[in-house]
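# Observations on the model geometry
So you can see what is in the structure, the chains are spelled out below.
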Amino acid sequence: MQVAQLIAAYAVAEVLAGHNLTVSMPKALRKVKSATPQQQAAAQDYSYLTLRFYAESAAYLQALTPKPVTDDRVSALLLVALSQLLHQDDDDFTVVNQAVEAAGKTGQRWAKSLVNAVLRNFLRQRAQLQTTIAQREEVQFNYPQWWINTLKQQYPQDWQAILEVGNSHPPMTLRVNLRKTDVASYLKLLADAEMSASHLGGTAIQLHSPVPVHQLPNFEAGWVSVQDTAAQWAAPLLDLQAGMRVLDACSAPGGKSCHILEACEVELWSLDMAVERQRRVHENLQRLGLQAHVVTGDAANTDWFDGQLFDRILADVPCSASGIVRRHVDMKWLRRPQDLATFAHLQQEILSNLWQTLAKGGKLLYVTCSIFPQENDMQIQQFLSAHADATRLPIAFDPAILPCQHHIGGQMLPTAVHDGLFYALLQKH
Ligand SMILES: C[S@@+](CC[C@H](N)C(=O)[O-])C[C@H]1O[C@@H](n2cnc3c(N)ncnc32)[C@H](O)[C@@H]1O
């Protein structure tokens, strides 16, 4: 699997240089065109593993290399191999030998002997190094210290559980398209295909093991979509009625837009500023047999607005993604504490701008996939203090609709069953 290690090292090096894994992974795969699908899948797994446990392997690497490794890819290859040695059951010497072979392909002549020496030293000194390295909170939890401190302060009871969930593998949850089938029939299809699954409630089915979407029965025919349970709360919380004019601002790739249309006959405007991401909105609408006005525009201004007010607005604003870090393991290393203020500023701009396009009596559902209060409750407080015509309505996560395992007000905390999303419902009067 040295090919997989090499590809993962390319991707991890890019992330550590400040780029998203969603961009870095395809770029790394293009560099090694000969990789088989199995090697590509393993490369993906190794990159996730390395970034999930980055603080720990970086601490070992630092202890084992008194001078920093000068080549970013060789350094990343060492991180990949250390993560495997720390967190996988593969034979230690096989991992080391493969990493040494991979080092030979980095183009650095010195790399093979360095990788060999560092990894063999790790195997010899592991127990001794662990006693000092594992003391550090950053290493123990594998998050930046500022992230740990923020959660400790905000969630004195739950911070450890939140961090641990963020390092676990995310569940794969499906949303059944009730326009095409029903939950019982789809569960039967899954059972016939020998895919073990549980009905969580409402339209949500959780698979016991993730599968590629093309293997899901009738996926192309639009019978199901992949959507976490927490995200499936948006449509029911919007309190939709047939004939309403609804805006989904910040809509790409269209998960919530499609759910809204599956749930109710409304006139939907699906707005996003990212043209590339809007291709996915079109694909999803087409696959599910749904129709919307897909509009390219900035939710922080009204250039795109035709003057007809909306009855409902969903504002699923850009955010730190701190509530879905197990799905985007690179985010915890890419974000900086000061990013929260930048997001908060943009979120407030979007919220205030969209408010002008909401009809009297209409409702706006503010959503983030964050667990940081600066992007959530504090935003809503600030908005309410500046808008006398806004009332905050209580959010009820009714278990008869869908499960919500753990929430504090509108803040769903991440658990084994669902992601961590924030919901606030505002009404205009
Ligand atoms: C959290 S994602 C939306 C996910 C989507 N609602 C779904 O359920 O599939 C946030 C989206 O906001 C878009 N976005 C960011 N800033 C924006 C802005 N100023 N105006 C409109 N869209 C924006 C991004 O392109 C991104 O697609």
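Residues numbered from 1 in each chain as written. Predicted model: local features only at pLDDT ≥ 70, side-chain atom pairs only at ≥ 80, totals over all residues.

### As for the overall build of the chain
- Counting its regular elements, the chain contains 17 helices and 13 strands.
- Its C-alpha radius of gyration of 23 Å places the chain within 12% of the 22 Å reference for a compact globule of 429 residues.
- Of all 429 residues assigned to the chain, the portion counted as buried reaches 45%. (Helix = DSSP H or I, 4+ residues; strand = E, 2+ residues; numbered from the N terminus. Rg over C-alpha atoms; globule rule 2.2 N^0.38 Å. Buried ≥ 20, exposed ≤ 12 C-beta atoms within 10 Å, placed from the backbone.)

### Notes on the environment of Val-367
- Checked against the element boundaries, Val-367 lands in strand E9 (residues 358-368).
- Its 24 C-beta neighbours within 10 Å are what place Val-367 among the buried residues.
- Along the sequence, Val-367 and Ala-231 sit 136 residues apart, while their C-alpha atoms lie 9.2 Å from each other.
- In this structure, Val-367 is in contact with Ala-234, Leu-314, Ala-315, Asp-316, Leu-421, Phe-422 and Tyr-423, ignoring residues within four places of it in sequence. (Contact = placed C-beta atoms within 7 Å.)

### With respect to the site of the ligand
- Around the ligand, 19 residues are found, and the nearest of them are Cys-250, Gly-255, Ala-274, Ala-299 and Asp-316.
- Where the shell around the ligand is concerned, the elements lending two or more residues are helix H13 (255-263) and strand E6 (267-272).
- Taken together, the residues of the shell around the ligand break down into 11 nonpolar, 3 polar and 5 charged. (Near = placed C-beta within 6 Å. Nonpolar A, V, L, I, M, F, W, Y, C, P; charged D, E, K, R; others polar.)

### A look at the domain arrangement of the chain
- The domain boundaries assigned to the chain delineate domain 1 (2-138), domain 2 (172-226) and domain 3 (231-428).
- Summarising the inter-unit geometry, the C-alpha centres of domain 2 and domain 3 are found 24 Å apart.
- Domain 2 puts 12 residues into the contact, and the matching count from domain 3 is 13 residues.
- Tallied by class, residues from the side of domain 2 that touches domain 3 come to 3 nonpolar, 6 polar and 3 charged. (Domains from an automatic or database assignment.)

### As for the packing of helix H1 (residues 2-16) against helix H3 (residues 37-52)
- Direction vectors running N to C along H1 and H3 enclose 45 degrees, while the axes themselves pass 8 Å from each other. With respect to their mutual orientation, H1 and H3 come out oblique. The way H1 lies across H3 gives a crossing that is right-handed. Facing H1, whose interface residues are Val-3, Ala-4, Gln-5, Ile-7, Ala-8, Ala-11, Val-12 and Val-15, H3 presents Gln-39, Ala-42, Ala-43, Tyr-46, Ser-47, Thr-50 and Leu-51.
- Residues belonging to the contact of H1 with H3 are distributed by class as follows: 11 nonpolar, 4 polar and no charged. (Axes fitted to C-alpha atoms, helices over the stretch in contact; angles between N-to-C directions. Parallel < 35°, antiparallel > 145°, perpendicular 65-115°, else oblique. Left-handed = near helix turned anticlockwise from the far one by under 90°.)

### Some points on the pairing of strand E7 (residues 293-296)
- With 4 bridges joining them, E6 and E7 adopt parallel strand pairing. Paired with Trp-269 across the bridge in E7 is His-293.
- Crossover handedness for the path E6 to helix H14 (residues 275-288) to E7: right-handed. (Pairing = 2+ DSSP bridges. Right-handed = clockwise from strand over helix to strand, strands pointing away.)

### Points about the sheet that holds strand E3 (residues 204-207)
- Across the sheet, 4 strands lie side by side as E2-E3-E1-E4; this open sheet has antiparallel pairing. The open sheet has two edge strands with one neighbour each: strand E2 (197-201) and strand E4 (224-226). If you compare each strand with its neighbour and ignore which way they point, the axes differ by 30 degrees on average.
- Here 4 bridges tie E2 to E3, and the two strands are oriented antiparallel to one another. The partner of His-199 across the bridge, within E3, is Ile-205.
- Seen against the sheet, helix H11 (residues 183-192) touches strand E1 (172-176), E2, E3 and E4 and runs at an angle of roughly 160 degrees to E2.

### Observations regarding the environment of Ala-13
- Within the fold, Ala-13 resides in helix H1.
- With 21 C-beta atoms counted inside 10 Å, the residue Ala-13 sits in the buried group.
- C-alpha of Ala-13 to C-alpha of Leu-77: the two residues are 64 residues apart in sequence and 8.4 Å apart in space.
- Every residue in contact with Ala-13, bar those within four places of it in the chain, is listed here: Asp-72, Arg-73 and Ala-76.

### Some points on the UniProt feature "binding site: S-adenosyl-L-methionine" (unreviewed entry) in the chain
- The feature "binding site: S-adenosyl-L-methionine" (unreviewed entry), as annotated in UniProt, sits at Cys-250, Ser-251, Ala-252, Pro-253, Gly-254, Gly-255, Lys-256, Asp-272, Asp-298 and Asp-316 in this numbering.
- Here Gly-254 is to be found in the loop between strand E5 (245-249) and H13.
- Beyond its immediate chain neighbours, meaning those up to four positions away, Gly-254 contacts Ser-270, Arg-280, Val-281, Asn-284 and Leu-285.
- Residue position: Lys-256 is located in helix H13. (UniProt positions renumbered as here; feature names shortened; annotations may be inferred.)

### Observations regarding the pairing of E5
- E5 sits mainly inside the fold: 4 of its 5 residues count as buried.
- Here E5 runs beside E6; their pairing, made up of 5 bridges, is parallel. Considered in E6, the bridge of Val-246 is made with Leu-268.
- Following the backbone out of E5, through H13 and into the adjacent parallel E6, one traces a crossover that is right-handed.
- Of the pairings in the sheet, the one linking E5 to strand E8 (residues 310-316) comprises 4 bridges and is parallel in character.

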